[in-house]
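Each chain, letter by letter, is given below.
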Amino acid sequence: GALWLRRPMQHRLHHLAEQARAPMQVSIAPTLEAVGISLAFVPWGPALLAYLGWRLSVSPDATQFVRSVAHGMLGAAAIWLTLEVPRQLVRRDGPAAAHFTWPEAAAAELRREIGWITAVAVPLLFLIQMFEARGQEAWRESIGRIALIALLVVVTGFTHRMLRADGPVRAIVREAQHVRIEPWIWRLVHAAAVAVPVVLALSAARGYYWTALRLGSSYHLTLVFAFLLFTALHLALRWVLLARRRLAFDQWRAEHEAQLAKPSAAEAESGERRAPPEPELDLGEVDVQTSRLLYTSAAVALLIGLWVLWADLVPALGVLNDVKLWNTTETQTVQITAADGAQQAHTEQRVVPITLGSLLVALLLLFMTFVLVRNLPGLLEISLFRRWETGPGERYAIASIAKYAITVLGGVLAFNAVGIGWSNVQWLVAAVGLGLGFGLQEIFANFVSGLILLFERPIRVGDTVTVGGVSGTVSKIRIRATVITAFDRKKLIVPNKELMTSQLVNWSLADTVQRVDIPLTVAHGSDVDVALRTLLEVAQAHEHALADPKPRALFLGFGATTLNLELRVYSPDVEHMLLIRNDLNLAIEHAFRDAGINFAPPAAASAAPAPTPAAARDRGR
């Protein structure tokens, strides 16, 4: 089956590689399929060796020697499997070269190097595991020791070839990651990586065979784990790149359609309404946030992995759990069986020591919570928002609520790590909450009002509102206050409680259409029918005035020396109100002059109406 499937899988990998290299590719599916196919190449050889070892081990007639051979096969198959995974990932047209943009020459060299060390390491590991299972000290300390020293010498040469100045590892990091690492750091890493197998080989030769074997196994798993983590990071970066490319294409398409779809008289006649353009997405900020989150997560995962792999073998790492900082009590319920067989629940207090390791875990949780909250908008933007096609206000509300939830969850987990659970602080929290509720009730009112604004959404980010006689656009909705950018570019900080309890005008909440009223007065003796007909003709000729609702020209009444008229037209959104008012005023003045209709001053001054967004924007300009 392996021989039959190999060629079709290679052809499929080549086809997926061509798709991945296409500049218009925005789907992660080809990359995931390539990873799956590459991993499908892995188990054929190791699985065959493991199957043979298993069959020998379960044979009822197997002797001690046969069982030792079976144990050697199983151990060699496990090591072969860990080496075959990176070798297949860097294969020709595989994920590394075609999808992660690793240099093809470096990936090919890495595949060759892993291939020859596999050919040497698997037989040596077979010998080591076979004599370990045989249990005879003479064989283990002679042939087993020689095989281990030979393996470590091979690993030393392999490590040097990988990390040399013109080696594949430096080329991959330099070209694929665009990360500049100082030469002295490379020299330090190179020296440390080469020194590890050399020191283990010398230790084995000096008599510390068992220790060198265990440390060498952990060192091998560390290298494999680092490679897989590096590959997973590139897979995540590939997904971010494709998502960012898709956002860029969508943004370009929207801008292109906006340039082509210019408002025309035909649209005005048909009454078609166009939604206001969505605020432009900052792709650079999204890219920075997602990359920062991925790199930080990879670094934390590397530290956790190193701790898990080495904590049992290096006693110095276990000292963190031996340093006790304080003790805390934990309540637990246990079931006690009475003499008559009945089960009774019993609550008891248990003393739990809080160590330095617990404190470091809590600090790590707080750090990851901070990083996640700081970079969450970019991650949500490329993963969910564009797929759901949500508006800017909805995106801001969801991101804000997610930030609050992650902050609370991270804080709870961090406090639980150091023994400060809810049962320990509930009375303190109740007392402090009662005191703050009386002393800082305005702050609490603003906080609750902010949550209501985010859930109920009477205003959204990007809405045009009028608060306290000031009009502007909602920029941010924070815990305590909302930031409104006035049309003269000033920032207005409005407490959330005021937005919930006082009168607020939202010009774009449910409908973006706004009415523009143009009052005017003409002298007694003017032909009112001609004036009204002229006003309607002027309104219907304007390209931005909507045909539905229809414009209306009204004769409102008689003044002492005037006839009071008013033209009412509808703007598609707030942005066009000022333009429509200006154009109609000019057109009415010219049309009345041509028709011989004379304007008259108002008969009496009236109270000024509440400022509209267009008027406020006019004053700002």
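Whatever comes next refers back to the structure up there.
Cut-offs and rules
Residues numbered from 1 in each chain as written. Predicted model: local features only at pLDDT ≥ 70, side-chain atom pairs only at ≥ 80, totals over all residues. Heavy atoms only, no water. Helix = DSSP H or I, 4+ residues; strand = E, 2+ residues; numbered from the N terminus. Buried < 20%, exposed > 50% of the residue type's maximum accessible area, 1.4 Å probe, protein only. Contact = heavy atoms within 4.5 Å. Areas by Shrake-Rupley, 256 points an atom, 1.4 Å probe, with all protein chains shown as cover. Pairing = 2+ DSSP bridges. Axes fitted to C-alpha atoms, helices over the stretch in contact; angles between N-to-C directions. Core = buried A, V, L, I, M, F, W, Y, C linked by side-chain atoms within 4.5 Å. Expected span 1.5 Å × (residues − 1). Patch = residues over 30% accessible without salt bridge, like charges linked within 9 Å, V, L, I, M, F, W, Y side chains within 5 Å. Salt bridge = Lys/Arg side-chain N within 4 Å of Asp/Glu carboxyl O. Lys, Arg positive; Asp, Glu negative; His and termini not counted. Charge placed at Lys NZ, Arg CZ, Asp CG, Glu CD. Phe/Tyr/Trp six-rings, centres within 6.5 Å; stacked < 30°, edge-to-face > 60°. Lys NZ or Arg CZ within 6 Å of the ring centre and 35° of its normal. Parallel < 35°, antiparallel > 145°, perpendicular 65-115°, else oblique. Left-handed = near helix turned anticlockwise from the far one by under 90°. Nonpolar A, V, L, I, M, F, W, Y, C, P; charged D, E, K, R; others polar.

Visitor: Got a minute to help me understand the overall build of the protein in this structure?
Guide: The number of helices and strands found in the protein is 20 helices and 10 strands. Expressed as a percentage of its 621 residues, the buried residues of the protein come to 38%. Within the protein, contacts between residues separated by at least 24 positions form 70% of all contacts whose residues are at least 6 apart in sequence. Just so you have it, the protein exposes about 34600 Å², and 63% of that area is on carbon and sulfur atoms.

Visitor: Sorry, what's going on with the sheet that holds strand 7 (residues 504-506) here?
Guide: In any sheet, the strands associate via hydrogen bonds between backbone groups, in a parallel or an antiparallel arrangement. What the five strands build is an open sheet, ordered 6-5-4-3-7; its pairing is antiparallel. Each edge of the sheet is formed by a strand with only one pairing partner; in this case those strands are strand 6 (491-495) and strand 7. Neighbour to neighbour, the strand axes of the sheet diverge by 40° on average, direction disregarded. Bridge analysis of strand 3 (residues 464-467) against strand 4 (residues 470-477) gives four bridges, and the strand direction is antiparallel. When the sheet's bridge partners are listed, Val 465 is paired in strand 4 with Gly 472.

Visitor: Help me understand the pairing of strand 5 (residues 481-486), please; the structure alone is not making it clear to me.
Guide: Each regular strand shows side chains that alternate between the opposite faces of the sheet. Across the six residues that make up strand 5, a large majority, six, are buried. Both faces of strand 5 are covered, namely the face carrying Ala 481, Val 483 and Thr 485 and the face carrying Thr 482, Ile 484 and Ala 486. By the bridge criterion, five bridges tie strand 4 to strand 5 in an arrangement that is antiparallel. Paired with Lys 476 across the bridge in strand 5 is Val 483. Connecting the antiparallel pair strand 4 and strand 5 is a turn made up of three residues. As paired strands, strand 5 and strand 6 are joined by five bridges and run antiparallel to one another. Each residue of the ladder has a partner; that of Thr 485, found in strand 6, is Lys 491. Taking the residues between adjacent antiparallel strands as the criterion, strand 5 and strand 6 are bridged by four residues, where Arg 489 takes a positive phi near 75°.

Visitor: Which parts of the structure should I look at to understand the nonpolar core?
Guide: Across soluble globular proteins, nonpolar side chains show a tendency to be buried alongside one another. Ranked by size, the top nonpolar core spans 40 residues in total, and within it Val 90, Trp 102, Leu 110, Ile 128, Leu 148, Leu 151 and Phe 227 carry the most contacts. Mapped by element, the contributors of at least two residues to this core are helix 4 (64-89), helix 5 (95-99), helix 6 (104-134), helix 7 (137-163), helix 8 (168-176), helix 9 (183-206) and helix 10 (209-260). With residues up to four places along the chain from it excluded, the contact list for Ile 128 reads Gly 144, Ala 147, Leu 148, Leu 151, Tyr 209 and Leu 213. Grouped together as the second largest cluster of nonpolar side chains are 25 residues, Leu 535, Val 538, Ala 545 and Ile 588 included.

Visitor: Can you walk me through helix 3 (residues 44-57) in this structure?
Guide: Side chains that are three or four residues apart share a direction in an α-helix, a result of its 3.6 residues per turn. With 14 residues, helix 3 should reach 20 Å at 1.5 Å per residue; the first-to-last C-alpha distance of 20 Å fits that figure. Elements in contact with the buried residues of helix 3: helix 4.

Visitor: I'm lost on unusual backbone geometry in this one. Help?
Guide: Negative phi is the rule for most residues except glycine; trans is the rule for most peptide bonds. In the Ramachandran plot, Asp 93 falls in the positive-phi region, its phi being about 60° despite a non-glycine side chain. Position of Asp 93 relative to the elements: it lies in the loop between helix 4 and helix 5. One non-glycine residue, Thr 101, lies in positive phi territory at about 60°. Within the secondary structure layout, Thr 101 lies in the loop between helix 5 and helix 6.

Visitor: Looking at this structure, how should I read a positive patch on the surface?
Guide: Among the surface-exposed residues, Lys 476, Arg 478, Arg 489 and Lys 491 lie close enough to one another that they form a single positively charged patch. With respect to the helices and strands, Arg 489 occurs in the loop between strand 5 and strand 6. For Arg 489, a relative accessible area of 66% corresponds to the exposed category.

Visitor: Would you explain the packing of aromatic side chains in this entry?
Guide: Ring pairs (aromatic) are described by centroid distance and by the angle formed between their planes. In this structure the tally under the stated criterion is seven aromatic pairs. Ring geometry for Phe 100 versus Trp 102: centroids 6.3 Å apart, planes at 55°, classification tilted. We note that Phe 100, like Trp 102, is buried. The interplanar angle of 40° and the centroid separation of 5.6 Å between the aromatic rings of Trp 102 and Phe 230 together place this pair among those described as tilted. One end of the pair, Trp 102, is in the loop between helix 5 and helix 6; the other, Phe 230, is in helix 10, with 128 residues separating them in the sequence. Trp 102 gets classed as buried once you look at its relative accessible area, which sits at 3%. Aromatic rings pair up to connect Phe 100, Trp 102, Phe 227 and Phe 230 into one cluster. Positioned over the ring face of Phe 41 is Arg 91, at 4.2 Å from the centre of the ring.

Visitor: I tried to follow the environment of Leu 163 on my own but got confused; where do I start?
Guide: Among the structural elements, Leu 163 can be located in helix 7. Under the relative-accessibility criterion, Leu 163 is labelled buried at 11%. Residue contacts for Leu 163: discarding those within four places in its chain leaves Val 169, Arg 170, Trp 186, Val 189, His 190 and Ala 193.

Visitor: Any chance you could explain the pairing of strand 9 (residues 552-558) here in plain terms?
Guide: Taken together, the six bridges between strand 9 and strand 10 (residues 562-571) define a ladder with antiparallel strand orientation. Its bridge partner lying in strand 10, Leu 554 is registered against Glu 566.

Visitor: Would you mind going over the pattern of salt bridges with me for this structure?
Guide: Here the idea is simple: oppositely charged side chains can pair when their charged atoms come close. All told, the structure shown has 10 salt bridges when counted by the stated rule. Ionic pairing is found between Asp 517 and Arg 515, a salt bridge with its closest N-O pair at 2.8 Å. Look at the salt bridges and you will find they share partners, linking Arg 21, Asp 93 and Glu 104 into a network.

Visitor: Looking at this model, I keep getting lost on the sheet that holds strand 8 (residues 514-523). Mind explaining?
Guide: With antiparallel pairing, three strands are arranged side by side in an open sheet as 8-10-9. Two strands bound the open sheet, and with one partner strand each, they are strand 8 and strand 9. Within the sheet, the average angular offset between the axes of one strand and its neighbour, ignoring direction, is 25°. Both strand 8 and strand 10 contribute to a ladder of 10 bridges, which runs antiparallel. The residue of strand 10 that forms the bridge with Arg 515 is Tyr 570. Packed on one face of the sheet, helix 19 (residues 577-595) meets strand 8 and strand 10 and runs near 25° to strand 8.

Visitor: Please explain the packing of helix 3 against helix 4 as it appears in this structure.
Guide: Between two packed helices, both the angle of their axes relative to each other and the distance between the axes serve to describe the pair. Contact pair helix 3 / helix 4: the axes reach a minimum separation of 8 Å and the direction vectors enclose 160°. With respect to their mutual orientation, helix 3 and helix 4 come out roughly antiparallel. Every pair of crossing elements has a handedness; the one defined by helix 3 and helix 4 is left-handed. Each of Gly 45, Pro 46, Leu 49, Ala 50, Leu 52, Gly 53, Trp 54, Leu 56 and Ser 57 in helix 3 lies in contact with helix 4, whose residues at this interface are Val 66, Arg 67, Val 69, Ala 70, Met 73, Leu 74, Ala 76, Ala 77, Trp 80 and Leu 81. Class assignment for the residues of the contact of helix 3 with helix 4 results in 15 nonpolar, three polar and one charged.

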